[in-house]
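These are the residues of each chain, in order.
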Amino acid sequence: MMPTDAPNSAEAAIDLDRFADIRPYHDDEVADVLGRLAHDSELLNAITRYRLPRLAKLTPPLARAIASFRLQREMRGVSTIREFQQRIANYMAHMISRTTRGFSVEGLDKLSADEAYLFIGNHRDIALDPAFVNYALHAGGHDTVRIAIGDNLLQKPFVTDLMRLNKSFIVPRSAKGKRAMLAAYQSLSGYIRHSITDDNHSVWLAQREGRAKDGIDCTDTAIVKMLCMARRAEEKDAVVGNAIRELKIVPVSISYEFDPCDINKARELEAKRTAGHYDKVEFEDIRSIVTGITGDKGRVKLAFGEPLSADFDTPDAVAAEIDRQVLEHYPLFPTHQLALAETGLAPDLVDLSGVTQEDRDRFRTRMATVPPALRPWWLRQYANPILNRAGRITPEGD
């Protein structure tokens, strides 16, 4: 932790300010940010489209005024990040009760509530993956995490404000040129290390850039190399094992019985295979976030692995251990088994012993909504975790 007199030190202030462009907001910034959000026309328009659609069409100014009043009322008394996240926890509980058939957690009891960890998880949903991690930590008596989020998602100022209020820090994906990218990732690596080793504050990071739309979870070695940059630069220590050990990396597996964005993901995979590319429409990621939050997810399960403590010689070895734990702990639902059976790819891996008739009916009902051309891609999203765990992923599934 920082010394208690650190805020009074000019040197400490300068040191902390080096992360000002990417770090989450601090408590003393909350009031100003909330005041700004309460009068942000784009945020208010977004709220009215979902909460007051009829009034938004008839009298937009009145709809925005009502949304602003409600937002200010909802945020009354919120002056710290913790208080803001407590309001989010209430919304999470409501969302879980309405859009899932239950949320369960494994492995958290093996982690200390007094230690900071770098949680590296598989990536299925833009916003909900870290949100479920935070909810599990909060319910388990742990502090919530600082969340890595790509700057490609921060397409609107109000989105940036909301994310940074929720302890998100910015991952630079839009920097141009090798020198700019190197500087950006050195800063990112420094902030993650600072959060874990100086602030004793946990961090969540996806194991790869972007969601695993095909259901194939695999850690990008470049992320491991980025994590080692700060120690190498600050302490002239090029030993991978030393950098990894101090970050206390914990692999995390999250599994959704049904992915609200599964058809959209299948459509993107089909477009890439047939046309060679997929062009996102404007604000598509924001719509994916909304779909993920509001859509039916069935059961959701989160599994925390064990901190990486071995001496690793290479980034590849670190990535391999993260992959091993993510796949080993990945929770399988009847959806995964039924999808694999439907593909006919690996009959010997199919286990339908725990599948009920209700499971079959839900699966069939869901599959019936998928256009025939997209069905192979839709099925592979659910079948691939089983194939991946068994080392059976084929090039056609990549």
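Everything that follows concerns the structure shown earlier in this document.
Per chain, the residues get numbers from 1 upward, laid out in the order the sequence is written. For this predicted model, a pLDDT threshold of at least 70 governs which residues receive local features, and a threshold of 80 or more governs which side-chain atom pairs are given and counted, while totals over whole chains, interfaces and linings are taken from all residues. Hydrogens are left out, water is left out, and the side-chain values use all remaining heavy atoms of the structure.

A. Looking closely at the sheet that holds strand 1 (residues 100-106). Strand pairing follows a simple DSSP-based rule, namely that at least 2 bridges must link the two strands. Strands here are runs of E lasting at least two residues and helices are runs of H or I lasting at least four, both read from the DSSP assignment and numbered beginning at the N terminus. Read across the open sheet, the 7 strands follow the order 1-7-6-2-5-3-4; overall the sheet is mixed. Each having just a single partner strand, strand 1 and strand 4 (168-171) make up the two edges of the open sheet. With strand direction ignored, the average angle separating the axes of adjacent strands in the sheet is 25 degrees. In this sheet, strand 7 (residues 298-304) lies alongside strand 6 (residues 249-256) in antiparallel orientation, the contact comprising 5 bridges. A fitted line through C-alpha atoms serves as each axis, taken over the contacting stretch for helices, and the angle formed by two N-to-C directions is quoted from 0 to 180°.

B. Quick peek at unusual backbone geometry. For Asn200, which is not glycine, the phi torsion reads 50 degrees and is therefore positive. For Asn200, the location among the structural elements is in the loop between helix 9 (178-198) and strand 5 (203-206). One non-glycine residue, Lys236, adopts positive backbone phi at about 50 degrees. Mapped onto the secondary structure, Lys236 falls in the loop between helix 10 (221-235) and helix 11 (240-247).

C. Molecular detail of the pairing of strand 4. Summarising the sheet, strand 3 (residues 146-150) and strand 4 pair through 4 bridges and their orientation is parallel. Within the sheet, the bridge partner assigned to Ile147 lies in strand 4 and is Ser168. A crossover connection joins strand 3 to the parallel strand 4 through helix 8 (residues 157-165); in handedness this β-α-β unit is right-handed. Handedness of a crossover is defined as follows: orient the strands so they point away from the viewer, and if the path from the first strand over the helix to the second runs clockwise, the crossover is right-handed.

D. Expanded view of the nonpolar core. Ranked by internal contacts, the top residues of the largest apolar core, which has 53 residues, are Leu118, Leu165, Leu227, Ile244 and Ile249. Sorting elements by how many residues they give to this core places helix 10 first, with 6 residues. It only takes one pair of heavy atoms within 4.5 Å for two residues to be counted as in contact. In contact with Leu227, not counting residues within four places along its chain, are Leu118, Ile120, Ser189, Ile192, Leu205, Leu247 and Ile249. If you look at the next biggest cluster of nonpolar residues, it comprises 24 residues, including Val133, Leu137, Ile147 and Tyr256. For this analysis, a nonpolar core means a set of buried residues of the types Ala, Val, Leu, Ile, Met, Phe, Trp, Tyr and Cys, connected via side-chain atoms within 4.5 Å. Only protein chains enter the accessibility calculation, which uses a 1.4 Å probe. A residue is then buried if its area is under 20% of the maximum for its type, exposed if over 50%, and partly exposed in between.

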